[in-house]
Amino acid sequence: MLAMKEGHFQNPATLALSPLEAGLATLPATVGLIAITPLVPGIVQRLGIGPVIAAGFAAATAGCALLVFVQGDWRYGAFVLPLVLLAAGLGLVNGPASSASTSTVSADDVGAASGISNMARYIGAAAFTAAVATVNATVGESRSSAGDPAADALAAGLSSACLLLAIASGVGMLLSALAVRARRRRVGPGAYGAAAAAHAHTVRVGGGDDL
């Protein structure tokens, strides 16, 4: 998200938005996240935690996959749907994933499980943000050095970064789907829904620039 905001939204070679305008341009993602978060507990109660997490990864994968095709001449409207899909996907995944780490342990271990889950997510988000930023910058600089126009070089960097994100989200979707098939917990969907509601405050917009 940071690469998109500073690379495409604010760069003079592409959309040339001001910092305020670039911030406002990310509002569709915020709206998508706010809209989906209150619905998550009810969806979990109906479908179960595994399918919801898989659906969230699927939405995030779709959003990232659309951005793989970014071009230097894209206008702002082309980014809206990917932003909404990515934000909605994160909203579906974060709360249930956190609740999954506590709903399958004893009451005495809930605090420890929650702490480990949060630490793993935050460290993983920070590390992956660094990896994505590195790919974005490296590919963009390489294309620029090869003589590509600035807008095309920026688009190439963003495309490569989004490809990495799409692959990671796709792996998450696959693992979630396999987990649903591999283990059917005795914990009822209602318990998962309650856990998701209890952990709704841990839903974050993302790492780094907080999507």
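Our subject is the structure listed above.
Here we summarise the structure given alongside this text. (Residues numbered from 1 in each chain as written. Predicted model: local features only at pLDDT ≥ 70, side-chain atom pairs only at ≥ 80, totals over all residues. Heavy atoms only, no water.)

## Overview of the overall build of the protein
Along the backbone of the protein there are 9 helices and 0 strands. Beginning at the N terminus, the succession of helices and strands in the protein can be written as α-α-α-α-α-α-α-α-α. Across the protein, every contact between residues at least 6 apart in sequence was considered, and the portion connecting residues at least 24 apart equals 74%. With the model as given, the accessible surface of the protein reaches about 10500 Å², and the carbon-plus-sulfur share is 66%. (Helix = DSSP H or I, 4+ residues; strand = E, 2+ residues; numbered from the N terminus. Contact = heavy atoms within 4.5 Å. Areas by Shrake-Rupley, 256 points an atom, 1.4 Å probe, with all protein chains shown as cover.)

## Concerning a nonpolar patch on the surface
On the surface, a cluster of nonpolar side chains totalling about 560 Å² of accessible area is made up of L163, I167, V171, L174, L175 and L178. Mapping L178 onto the fold places it in helix α8 (residues 150–182). Look at L178 and you get partly exposed, because its relative accessible area is 46%. (Patch = residues over 30% accessible without salt bridge, like charges linked within 9 Å, V, L, I, M, F, W, Y side chains within 5 Å. Salt bridge = Lys/Arg side-chain N within 4 Å of Asp/Glu carboxyl O. Buried < 20%, exposed > 50% of the residue type's maximum accessible area, 1.4 Å probe, protein only.)

## As for the environment of V132
Within the secondary structure, V132 is located in helix α7 (residues 110–145). The spacing of V132 and L158 is 26 residues in sequence and 9.1 Å in space, taken between C-alpha atoms. The residues contacting V132, other than those within four sequence positions of it, are A161, L164 and L165.

## Some details on the packing of helix α4 (residues 40–47) against helix α5 (residues 49–67)
For the pair α4 and α5, interaxial distance at closest approach is 7 Å and the crossing angle is 125°. Classified by the angle their axes make, α4 and α5 are oblique. Contacts from I43, V44 and L47 of α4 reach α5 at I49, P51 and V52. Of the residues assigned to the contact of α4 with α5, the class counts are 6 nonpolar, no polar and no charged. (Axes fitted to C-alpha atoms, helices over the stretch in contact; angles between N-to-C directions. Parallel < 35°, antiparallel > 145°, perpendicular 65-115°, else oblique. Nonpolar A, V, L, I, M, F, W, Y, C, P; charged D, E, K, R; others polar.)

## Points about the packing of aromatic side chains
Per the counting criterion, the structure on display carries 3 aromatic pairs. Plain terms: the ring middles of F9 and Y76 are 5.9 Å apart, the flat faces sit at 65° to each other, and that makes the pair edge-to-face. Of the two residues, F9 sits in helix α1 (residues 2–9) while Y76 sits in the loop between α5 and α6 (77–103), which places them 67 residues apart along the sequence. We classify Y76 as partly exposed; its relative accessible area is 27%. Judged by centre distance (5.3 Å) and plane angle (90°), the ring pair of F9 and F79 falls under edge-to-face. Of this pair, F9 sits in helix α1 while F79 sits in helix α6, and the two are 70 residues apart along the sequence. Neither residue differs from the other here; F9 and F79 are each classed as buried. (Phe/Tyr/Trp six-rings, centres within 6.5 Å; stacked < 30°, edge-to-face > 60°.)

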